[in-house]
Amino acid sequence: MTTTAQEMATQERVAADALEVIPTGAALGATVNGVNLRDLSEATFARILQAWHEHSVLLFRGQTLTDQELIAFSRRLGDLDWAPVQETGRRFVEGLPEIYIVSNVKVNGEPIGSLGDGEAVWHTDMSYLDMPPKASMLYALEIPPTGGNTSFCTMYGIYEALPQQLKDRIAGLKIKHDGTFNSGGYVRQGVTPTDDPRASPGAVHPLVCTHPANGRRMLYLGRRRNAYLVGLELAESEALLNELWGIVDRREFSWEHVWRVGDLVLWDNRCTMHRRDAFDPNSRRIMHRTQVKGDARPA
């Protein structure tokens, strides 16, 4: 029996209605239940996109994805960046340049991925580029028994919580996002290290940006190390950035995710930051990440 277009549309609506979005109860984030990311109708994906814009970070539990399927789902949000060059100068997945491996595992003494097992500080992915990615996805293949949790914070909520006097003070400022070090503290391949933020490589973006999808205002900090507020004396820049980062560290603006194998987390790279807890170096942790190209400069 042939399925008609009307019957297919009805089936898609039923599948979309079966999707359940459960907010974390924290400042951001939601779990999406009732969905298989390998097989999404347009109606279901539209609901996912709506939930993503509303909650900034989405968690999908119990996924079983090949790298090709991870790439295919990621492309639903837009064109993908190639994975950044690792500390060793390599890209790790032959034939799949979109896949970035985050891991502490070594084979024959060589790391299979990047960022090791130490703490990764608060950051926005690739903000040292003129056009940073708009989204990132991280998929858990192996996790340690404890540690390695990932936390996310809302840059909407942090901006909205600023005293009006501080909002007025930072209005119109631009911030240089350093390209010397990654979030694990490693020097990027091909970069001469410097701790002078005025001399380091990187891109300049507005400190306060507007999200293109919903018009909400947010701080766009990137990461703390080597950041610089353009046009200010260095001491004044450091003092003002310390004041802003002191607000970032308040737990009321964050949500901490405890990983399970099969978890996929999708986050909006424009309006969130994330960090990772350290974990036992004798444990294995393997995550595969993709990132979706930005379609506009932060503004």
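Refer to the preceding data block for the structure.
Treat the numbers as computed from the prediction; the structure is a model and nothing was measured.

Calculation notes
- Residues numbered from 1 in each chain as written.
- Predicted model: local features only at pLDDT ≥ 70, side-chain atom pairs only at ≥ 80, totals over all residues.
- Heavy atoms only, no water.
- Phe/Tyr/Trp six-rings, centres within 6.5 Å; stacked < 30°, edge-to-face > 60°.
- Helix = DSSP H or I, 4+ residues; strand = E, 2+ residues; numbered from the N terminus.
- Expected span 1.5 Å × (residues − 1).
- Buried < 20%, exposed > 50% of the residue type's maximum accessible area, 1.4 Å probe, protein only.
- Arc of directions from axis to C-beta.
- Salt bridge = Lys/Arg side-chain N within 4 Å of Asp/Glu carboxyl O.
- Pairing = 2+ DSSP bridges.
- Right-handed = clockwise from strand over helix to strand, strands pointing away.
- Axes fitted to C-alpha atoms, helices over the stretch in contact; angles between N-to-C directions.
- Contact = heavy atoms within 4.5 Å.

(A) Looking closely at the packing of aromatic side chains. According to the stated counting rule, one finds three aromatic pairs in the structure shown. A centroid spacing of 6.0 Å and a plane angle of 75 degrees characterise the contact between Phe60 and Phe73, whose relative ring orientation is edge-to-face. Placement of Phe60 in strand E3 (residues 57–60) and of Phe73 in helix H3 (residues 67–74) is noted, with a sequence separation of 13 residues between them. Between Phe152 and Trp255 the ring centres are 5.9 Å apart and the planes differ by 20 degrees, which places this aromatic pair in the stacked class. One end of the pair, Phe152, is in strand E10 (residues 150–154); the other, Trp255, is in strand E16 (residues 254–257), and 103 residues separate them in sequence.

(B) Molecular detail of helix H2 (residues 42–55). Taking 1.5 Å per residue as the helical rise, H2 with its 14 residues ought to reach 20 Å, and the 20 Å between its terminal C-alpha atoms agrees with that figure. Taken together, the buried positions of H2 are occupied by Thr44, Phe45, Ile48, Ala51, Trp52 and His55. Viewed end-on, H2 has its buried residues packed into an arc of 120 degrees, placing them on one side of the element. Along H2, the residues that are exposed and aim more than 90 degrees away from the buried face are Glu42, Gln50 and Glu54.

(C) Highlighting the pattern of salt bridges. Taken as a whole, this structure holds 16 salt bridges when the rule is applied. As a salt-bridge pair, Glu238 and Arg224 come within 3.0 Å of each other at their nearest N and O atoms. Residue Glu238 is found in helix H6 (residues 234–248), and its partner Arg224 is found in the loop between strand E14 (217–219) and strand E15 (228–229); the two are separated by 14 residues along the sequence. Look at the salt bridges and you will find they share partners, linking Glu119, Arg275 and Asp277 into a network.

(D) Inspection of the pairing of strand E2 (residues 30–33) at higher detail. The pairing of strand E1 (residues 20–23) with E2 spans four bridges and is classified as antiparallel. Its bridge partner lying in E2, Val21 is registered against Val32. Taking the residues that link successive antiparallel strands as the turn, the E1-E2 hairpin has six residues, and the phi of Gly25 there is positive, at about 90 degrees. Two elements, E2 and E3, share three bridges in a ladder whose sense is parallel. Opposite Val32, over in E3, you have Phe60 as the bridge partner. Crossover connection from E2 via H2 to parallel E3: handedness right-handed.

(E) Here's a closer look at unusual backbone geometry. Of note, Asn108 is a non-glycine position whose phi angle comes to about 55 degrees, a positive value. Locating Asn108 in the fold gives a position in the loop between strand E5 (106–107) and strand E6 (110–111). Under the relative-accessibility criterion, Asn108 is labelled exposed at 80%.

(F) Geometry of the sheet that holds E10. Read across the open sheet, the four strands follow the order E8-E18-E10-E16; overall the sheet is antiparallel. The sheet is open, and its two borders are formed by strand E8 (120–123) and E16, each paired with just one other strand. On average, each strand axis in the sheet is inclined to that of its neighbour by 15 degrees, with strand direction left out of account. Strand direction decides the pairing type here: E10 and strand E18 (residues 272–276), joined by five bridges, are antiparallel.

(G) Inspection of the sheet that holds strand E17 (residues 264–268) at higher detail. Spatial strand order, E1-E2-E3-E17-E9-E19-E4-E7: eight strands in an open sheet with mixed pairing. At either end of the open sheet lies a strand with only one pairing partner, and these are E1 and strand E7 (114–115). With two bridges connecting them, strand E4 (residues 100–103) and E7 associate as parallel partners. Along E7, the bridge assignment pairs Ser103 with Leu115. Most of the contacts of H2 go to E3, to which it runs at about 130 degrees, and overall it touches E1, E2, E3, strand E9 (135–142) and E17. Packed onto the sheet, H3 meets E3, E9, E17 and strand E19 (286–292) and runs at close to 30 degrees relative to E19.

(H) Region of interest: the environment of Ile247. The topology assignment puts Ile247 in helix H6. Residue Ile247 is classed as buried on the basis of its relative accessible area, which comes to 10%. With 74 residues separating them in the primary sequence, Ile247 and Leu173 have C-alpha atoms 18 Å apart. With residues near it in sequence (within four places) discarded, Ile247 still touches Ile158, Leu162, Leu166 and Phe253.

All we've got here are geometric facts, nothing functional implied.
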